[in-house]
Amino acid sequence: MTPHITNGNKPPIKSFDGKRILITGGTGSLGKTLVRRFLEGSAGHPAKLIVLSRDEAKQHAMRMEYQNRAAATDEIIYRNFQELLEFRIGDVRDYHSIAQALRDVDIVFNAAALKQVPTCEYFPFEAVRTNIEGPENIVRAIQEHRLPIETVVGVSTDKACKPVNAMGMTKALQERVF
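Residues numbered from 1 in each chain as written. Predicted model: local features only at pLDDT ≥ 70, side-chain atom pairs only at ≥ 80, totals over all residues. Heavy atoms only, no water.

## Looking at helix H5 (residues 124–144)
Working step 1: Taking 1.5 Å of rise per residue, 21 residues should cover 30 Å, and H5 covers 28 Å from first to last C-alpha, within 8% of that figure.
Working step 2: Roughly 35° is the biggest bend found in H5, and it falls at Glu133, with proline Pro135 one to four residues downstream.
Working step 3: Along H5, the residues that are buried comprise Ala127, Thr130, Asn131, Ile132, Gly134, Pro135, Asn137, Ile138, Val139, Ala141 and Ile142.
Working step 4: Directly beyond the C-terminal end of H5, a positive phi value near 50° is found at Arg146. (Helix = DSSP H or I, 4+ residues; strand = E, 2+ residues; numbered from the N terminus. Expected span 1.5 Å × (residues − 1). Bend = angle between axes of the 7 residues up to and from the residue. Buried < 20%, exposed > 50% of the residue type's maximum accessible area, 1.4 Å probe, protein only.)

## Considering the nonpolar core
Working step 1: Residues Leu22, Ile98, Leu102 and Ile149 are the most contacted members of the largest nonpolar core, which totals 17 residues.
Working step 2: Listing elements by their share of this core, those giving two or more residues are strand E2 (48–53), helix H3 (95–101) and H5.
Working step 3: Top element by residues in this core is H3. It accounts for four residues.
Working step 4: Excluding residues within four positions of it along the chain, Ile98 makes contact with Leu22, Thr24, Leu52, Asp91, Val92, Asn137 and Ile138. (Core = buried A, V, L, I, M, F, W, Y, C linked by side-chain atoms within 4.5 Å. Contact = heavy atoms within 4.5 Å.)

## Considerations on the packing of H5 against helix H6 (residues 166–177)
When two helices pack together, their arrangement is given by the angle between their axes and by how far apart the axes lie.
Working step 1: Between H5 and H6, whose axes approach to 9 Å, the crossing angle comes to 10°. Classified by the angle between their axes, H5 and H6 sit roughly parallel to one another. Taking contact as the criterion, the partners of Pro124, Ala127, Val128, Asn131, Ile132, Pro135, Glu136 and Val139 in H5 are, on H6, Ala166, Thr170, Lys171, Leu173, Gln174 and Val177.
Working step 2: The residue makeup of the contact of H5 with H6, split by class, is nine nonpolar, three polar and two charged. (Axes fitted to C-alpha atoms, helices over the stretch in contact; angles between N-to-C directions. Parallel < 35°, antiparallel > 145°, perpendicular 65-115°, else oblique. Nonpolar A, V, L, I, M, F, W, Y, C, P; charged D, E, K, R; others polar.)

## Comments concerning a positive patch on the surface
Working step 1: Taken together, Lys32, Arg36, Arg37, Lys58 and Lys115 make up a surface patch of like positive charges.
Working step 2: Residue classification places Arg36 among the partly exposed positions, given a relative accessible area of 43%. (Patch = residues over 30% accessible without salt bridge, like charges linked within 9 Å, V, L, I, M, F, W, Y side chains within 5 Å. Areas by Shrake-Rupley, 256 points an atom, 1.4 Å probe, with all protein chains shown as cover. Salt bridge = Lys/Arg side-chain N within 4 Å of Asp/Glu carboxyl O. Lys, Arg positive; Asp, Glu negative; His and termini not counted. Charge placed at Lys NZ, Arg CZ, Asp CG, Glu CD.)

## Here we look at the sheet that holds strand E3 (residues 85–89)
Whether parallel or antiparallel, the strands of a sheet pair through hydrogen bonds between backbone atoms.
Working step 1: Here we have five strands laid out as an open sheet, ordered E3-E2-E1-E4-E5, and parallel in their pairing. Where the open sheet ends on each side, the last strands, each with one partner, are E3 and strand E5 (151–154). Ignoring strand direction, the axes of neighbouring strands in this sheet form an average angle of 15°.
Working step 2: The pairing of strand E4 (residues 107–110) with E5 spans four bridges and is classified as parallel. If you follow Phe109 over to E5, its bridge partner there is Val153. (Pairing = 2+ DSSP bridges.)

Keep in mind these numbers describe shape, not what the thing actually does.
In structure tokens, the structure reads:
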């Protein structure tokens, strides 16, 4: 991720200033790293960071961490949609879920993935659903709803270059979809 865009002798342009950013798979390893980097502000200050994932427990833990809460009962009133960091339960594999999450978003980082090679080998259709159908749902929702999304970043892998396993094959196809 480039922290800024050079602009000649002028100060750097903070490319994410005021942007509404959706991170699918936002509670995964890369998603959490992206959230932390965006919150640091080195690439600008987004207006909203939306973490989309299907893992309620990971979302809760992440929210508690960012709110510096020790226990779930510390959060008496849930103000999720009023915060910079918003959490949404959803799944890229579900068209309606992703279509709803994409509303009012400027930039999408698709970090949702099945990325463990053995898991993809044992459950190849699950890899197809997440790594191919998920990106297709993103593209379809943007096109069908004419959403003014500026950028979609599809996270891939070196295994997509010459794929010899289900994970690499599905990530290579994700690249074609995007």
